[in-house]
Amino acid sequence: MSDHKVLRLIKQADKAITEDFDTLMNFYADDAVLVVQPGQVARGKAQIKNAFIAIAKHFGNALTVSQGDAQVLEGADTALVIMETLLSIGNAEGPIKRRATYVFRKDHSGAWLCTIDNSYGTDLLDAA
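This section reports on the structure supplied with the text. (Residues numbered from 1 in each chain as written. Predicted model: local features only at pLDDT ≥ 70, side-chain atom pairs only at ≥ 80, totals over all residues. Heavy atoms only, no water.)

Description of the pattern of salt bridges
This model, assessed by the stated rule, comprises 4 salt bridges. Here D30 makes a salt bridge to K45, at a shortest N to O gap of 3.5 Å. Here K45 lies in helix α3 (residues 44-58) and D30 lies in strand β1 (residues 28-37), a separation of 15 residues in the sequence. Since its relative accessible area comes to 63%, D30 is described here as exposed. Taking relative accessible area as the criterion, K45 reaches 26% and is therefore assigned partly exposed. (Salt bridge = Lys/Arg side-chain N within 4 Å of Asp/Glu carboxyl O. Helix = DSSP H or I, 4+ residues; strand = E, 2+ residues; numbered from the N terminus. Buried < 20%, exposed > 50% of the residue type's maximum accessible area, 1.4 Å probe, protein only.)

With respect to unusual backbone geometry
It is generally the case that most residues other than glycine have a negative phi and that most peptide bonds are trans. Residues other than glycine seldom take positive phi values, yet A76 does so here, at roughly 55°. Along the chain, A76 turns up in the loop between β3 (63-75) and β4 (78-89). What makes A76 exposed here is its relative accessible area of 79%. The phi angle at D77 is positive, at roughly 60°, despite the residue not being glycine. With respect to the helices and strands, D77 occurs in the loop between β3 and β4.

A word on helix α1 (residues 5-17)
Spanning 13 residues, α1 covers 19 Å between terminal C-alpha atoms, matching the ideal 18 Å at 1.5 Å per step. For α1, the full list of buried residues reads V6, L7, L9, I10, A13, D14, A16 and I17. Tucked inside the fold, the buried residues of α1 contact α2 (21-25), α3, β3, β4, β5 (96-106) and β6 (112-118). (Expected span 1.5 Å × (residues − 1). Contact = heavy atoms within 4.5 Å.)

As for the sheet that holds β4
Taken together, the 6 strands give an open sheet; going across it, the order is β2-β1-β6-β5-β4-β3, and neighbouring strands pair in mixed fashion. Every interior strand has two partners, whereas the edge strands, β2 (40-43) and β3, have only one. Geometrically, the sheet is characterised by an average inter-axis angle of 25° between neighbouring strands, direction not taken into account. With 3 bridges connecting them, β1 and β6 associate as parallel partners. Its bridge partner being in β6, L34 is matched across the sheet by D117. (Pairing = 2+ DSSP bridges. Axes fitted to C-alpha atoms, helices over the stretch in contact; angles between N-to-C directions.)

Thoughts on α3
Here α3 spans 21 Å end to end across 15 residues, near enough to the 21 Å set by a 1.5 Å rise per residue. G44, I48, A51, F52 and A56 are the residues of α3 that are buried. The buried residues of α3 occupy an angular sector of 135° when projected down its axis, which confines them to one face. Exposed and facing more than 90 degrees away from the buried side of α3 are A46, N50 and K57. Within two residues after α3, G60 carries a phi angle of roughly 60°, on the positive side. (Arc of directions from axis to C-beta.)

Examining the environment of Y102
For Y102, the location among the structural elements is in strand β5. The spatial distance from the C-alpha of Y102 to the C-alpha of A46 is 19 Å, given a sequence separation of 56 residues. Leaving out residues up to four positions away in the same chain, Y102 has contacts with I10, Q67, A79, L80, V81, M83, T85, I116, D117, N118 and S119.

Here it is, written out as structure tokens:
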């Protein structure tokens, strides 16, 4: 995995998922989109925060997110991240592996913000 700043931000966000939803929202653009599950998206920080709270509750606050291999393609103040995402739920056997896709945009101050968070990656095509 490379050392791109966006990858470090994703790692910090993964930690915030289980600790602090207000901090987690700092990683998202105001107009961001989160794929909650195939066919369901949350738009904007308020909906995204509510979605993460509901996801945490659904998994009994036992969801841990980590990352495996990743590629970052950057151009025109936009970064596409293709990444192996590992979801661990409490004592469940082994993590759930997904090939996620994320889009980040650099804002006017040079900070990277997530605009599209899709932990399902291209598996969304199978759900259509």
